[in-house]
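Per-entry structural report
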Amino acid sequence: MFERLEQIEGKYQELNDALASPEVISDSSRYQKTAKAHSELALIVERYREYKDLKRGIADTKTMLADEPDAELKAMAEEELSTLQSRLQRAEEELKLLLVPKDPNDERNVILEIRAGTGGDESSLFAAEMFRMYSRYAESQRWKVEVMSSSESGVGGLKEVIAMIEGHGAYSKLKYESGVHRVQRVPETEQQGRVHTSAVTVAVLPEAEEVDIKIEPKDIRIDTFCSSGPGGQSVNTTYSAVRITHMPTNTVVSCQDEKSQIKNREKAMRVLRSRLYEVELERQQAELAKERKTQVGTGDRSEKIRTYNFPQNRVTDHRFGLTIHQLPEVMDGKLQPLIDAAISHFQAEKLKQETVAV
């Protein structure tokens, strides 16, 4: 690990020198690439230099302890040594995490898909609340939320909603939200006060660019139809809604939220690219897992990941056993404690995987 850190520090210094070079400064494209690479290594190098400072501090304190005759000063030095050793251990753990390969999709925008599952009308109502929850969280992060497609239920809930979330690091924070979210509460229609259990599925996909996924025109079929539901005079009168079928994979995407057929087609293509990109990522990860004889979960959408229990004011994440009693706050978009816990858990799992691979 430390040999690798020395190499990173050397590369960082090379990039630092390059940023001061007239040749690089005069070439804006080259300068941006160099600055980006320099920025990506900055935190690791900063932490590694702190680690080396702590090592030197420990060595100096040990030398002082060996030569110090005064009992009071010796006791102070021993206390200082204990503090430095504790900090060194924490710094080493942090360095290990920083060396875990970064997910190349972390900075991407997100396609968020929420679908009502078991539970009928109650499930659709909770799907709408879940969409509000993620929208409020996105608002707190200053991200933009754009609905790509939605289907309302008869009771005012959502059978399905697909939205684009645009913002710095959106995928890095939301990628572990994929899975089955279960709700336990007394529905408004329940006469005898019994608690019902319903479920909603969430899928978080990194938005794919055209360069990531090449879709051949011959591989898709595009159908147009009249939009349905809220929308004013144009509903059921113009063929603005679009359905795209990717025939090799039988992947179907529909979009009808815009009055313009062109805009609906653009939105549907963005969703299609992201779904096909996810399929390719899953294939690559499965091959890697087979190679390494290990599998690190990342919140598969078929896995029950979280329960929202309204009578007990509790949210439980089943993947790492975290329970918090702040359900109203969570439903209002205050998701950071759950998101931070998920990131820490899966970073630790990836670190184990890297250790096994080495």
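Given the structure is predicted, the values throughout are model-derived calculations rather than measurements.

Regarding the overall build of the protein
The helix and strand tally for the protein stands at 9 helices and 11 strands. Across the 358 residues that make up the protein, the buried fraction comes to 39%. Put simply, of all contacts in the protein between residues at least 6 apart along the chain, 61% involve residues at least 24 apart. For the protein, the accessible area works out to roughly 20,200 Å², and carbon and sulfur atoms hold 49% of it.

What about the pattern of salt bridges?
One pass over the full model with this rule turns up 26 salt bridges. When the shortest N-O distance is used, the salt bridge between Asp-332 and Arg-136 registers 3.1 Å. Linking Asp-332 in the loop between α8 (327–331) and α9 (336–357) with Arg-136 in helix α5 (residues 120–140), this pair joins segments that are 196 residues apart in sequence. Overall, the relative accessible area of 24% leaves Asp-332 in the partly exposed class. The exposure class of Arg-136 is partly exposed, given its relative accessible area of 31%. Overlapping salt bridges bring together Arg-132, Arg-136, Glu-139, Asp-332 and Lys-334 as one network.

What to know about the sheet that holds strand β4 (residues 179–185)
A sheet is described by the order of its strands in space; here 8 strands give the open sequence β2-β3-β1-β5-β4-β9-β10-β11, paired in mixed fashion. Two strands lie at the open edges of the sheet, namely β2 (144–152) and β11 (322–324), each paired on one side alone. Within this sheet the neighbouring strands show an average axis-to-axis angle of 15 degrees, counted without direction. Where strand β1 (residues 110–116) lies against strand β5 (residues 196–206), 7 bridges are found, and the strand directions are antiparallel. Note that in β5 the partner of Arg-115 across the bridge is Thr-201.

Looking at the environment of Pro-104
Mapping Pro-104 onto the fold places it in the loop between α4 (71–99) and β1. Note on Pro-104: relative accessible area 72%, which makes it exposed. As for Pro-104 and Ser-172, which are separated by 68 residues in sequence, their C-alpha atoms are 9.6 Å apart.

Considerations on the sheet that holds strand β8 (residues 251–255)
Spatially, 3 strands are ordered β6-β7-β8 in an open sheet, and the strand pairing comes out antiparallel. Strands at the two margins of the open sheet, each flanked by one partner only, are β6 (220–225) and β8. On average, each strand axis in the sheet is tilted by 15 degrees relative to the strand beside it, whichever way the strands run. Pairing geometry for strand β7 (residues 241–246) and β8, over 5 bridges, is antiparallel. By the bridge assignment, His-246 is partnered in β8 with Thr-251.

Let's talk about the packing of aromatic side chains
Two numbers describe a pair of aromatic rings. These are the distance of the centres and the angle of the planes. A complete count under the given rule lists 3 aromatic pairs for this structure. When the ring of Phe-126 is compared with that of Tyr-308, the centres are 5.4 Å apart and the planes differ by 65 degrees; the resulting orientation is edge-to-face. Within this pair, whereas Phe-126 is found in helix α5, its partner Tyr-308 is found in strand β9 (residues 304–309), the two being separated by 182 residues in sequence. With relative accessibility at 0%, the residue Phe-126 sits in the buried group. Seen in terms of ring centroids, Tyr-176 and Phe-346 are 4.5 Å apart; in terms of plane orientation they differ by 20 degrees. Their pairing is stacked. With Tyr-176 in the loop between α6 (170–174) and β4 and Phe-346 in helix α9, the pair connects residues that are 170 residues apart, well separated along the chain. A single burial state applies to Tyr-176 and to Phe-346, both of which are buried.

Details of the packing of helix α1 (residues 2–19) against helix α3 (residues 28–67)
One way to put it is that α1 packs onto α3 with a least axis distance of 8 Å and a crossing angle of 135 degrees. Viewed along their axes, α1 and α3 adopt a mutual orientation that is oblique. Relative to α3, the crossing made by α1 is left-handed.

Describing the nonpolar core
Of all hydrophobic cores here, the largest spans 32 residues; its most connected members are Leu-112, Ile-114, Met-130, Tyr-134, Leu-174 and Tyr-308. Elements with a minimum of two residues in this core: β1, α5, β3 (158–166), α6, β5, α8 and α9. Counting residues per element, this core draws most heavily on α5, which supplies 8 residues.

Some thoughts on α4
Counted at 1.5 Å a residue, the expected span for α4 with its 29 residues is 42 Å, and the 42 Å between its end C-alpha atoms agrees. Restricting attention to buried positions, one finds in α4 the residues Ala-77, Leu-81, Leu-84, Leu-88, Ala-91, Leu-95 and Leu-99. Along its buried surface, α4 packs onto α1 and α3. Put simply, Asp-70 is the residue that caps the front of α4, since its side-chain oxygen is 2.9 Å from the backbone nitrogen of Glu-72.

Overview of the packing of α1 against α4
Running from N to C, α1 and α4 point in directions that differ by 70 degrees, and their axes come no closer than 12 Å. Judged by the angle between their axes, α1 and α4 are roughly perpendicular. Crossing hand, α1 versus α4: left-handed. Across the interface between the two elements, Phe-2, Arg-4, Leu-5 and Ile-8 of α1 pack against Glu-92, Leu-95 and Leu-99 of α4. Counted by class, the contact of α1 with α4 contains 5 nonpolar, no polar and 2 charged residues.

Parameters and conventions
- Residues numbered from 1 in each chain as written.
- Predicted model: local features only at pLDDT ≥ 70, side-chain atom pairs only at ≥ 80, totals over all residues.
- Heavy atoms only, no water.
- Helix = DSSP H or I, 4+ residues; strand = E, 2+ residues; numbered from the N terminus.
- Buried < 20%, exposed > 50% of the residue type's maximum accessible area, 1.4 Å probe, protein only.
- Contact = heavy atoms within 4.5 Å.
- Areas by Shrake-Rupley, 256 points an atom, 1.4 Å probe, with all protein chains shown as cover.
- Salt bridge = Lys/Arg side-chain N within 4 Å of Asp/Glu carboxyl O.
- Pairing = 2+ DSSP bridges.
- Axes fitted to C-alpha atoms, helices over the stretch in contact; angles between N-to-C directions.
- Phe/Tyr/Trp six-rings, centres within 6.5 Å; stacked < 30°, edge-to-face > 60°.
- Parallel < 35°, antiparallel > 145°, perpendicular 65-115°, else oblique.
- Left-handed = near helix turned anticlockwise from the far one by under 90°.
- Core = buried A, V, L, I, M, F, W, Y, C linked by side-chain atoms within 4.5 Å.
- Expected span 1.5 Å × (residues − 1).
- Polar contact = N/O pair within 3.5 Å; in protein donor to acceptor, adjacent residues only side chain to side chain.
- Nonpolar A, V, L, I, M, F, W, Y, C, P; charged D, E, K, R; others polar.

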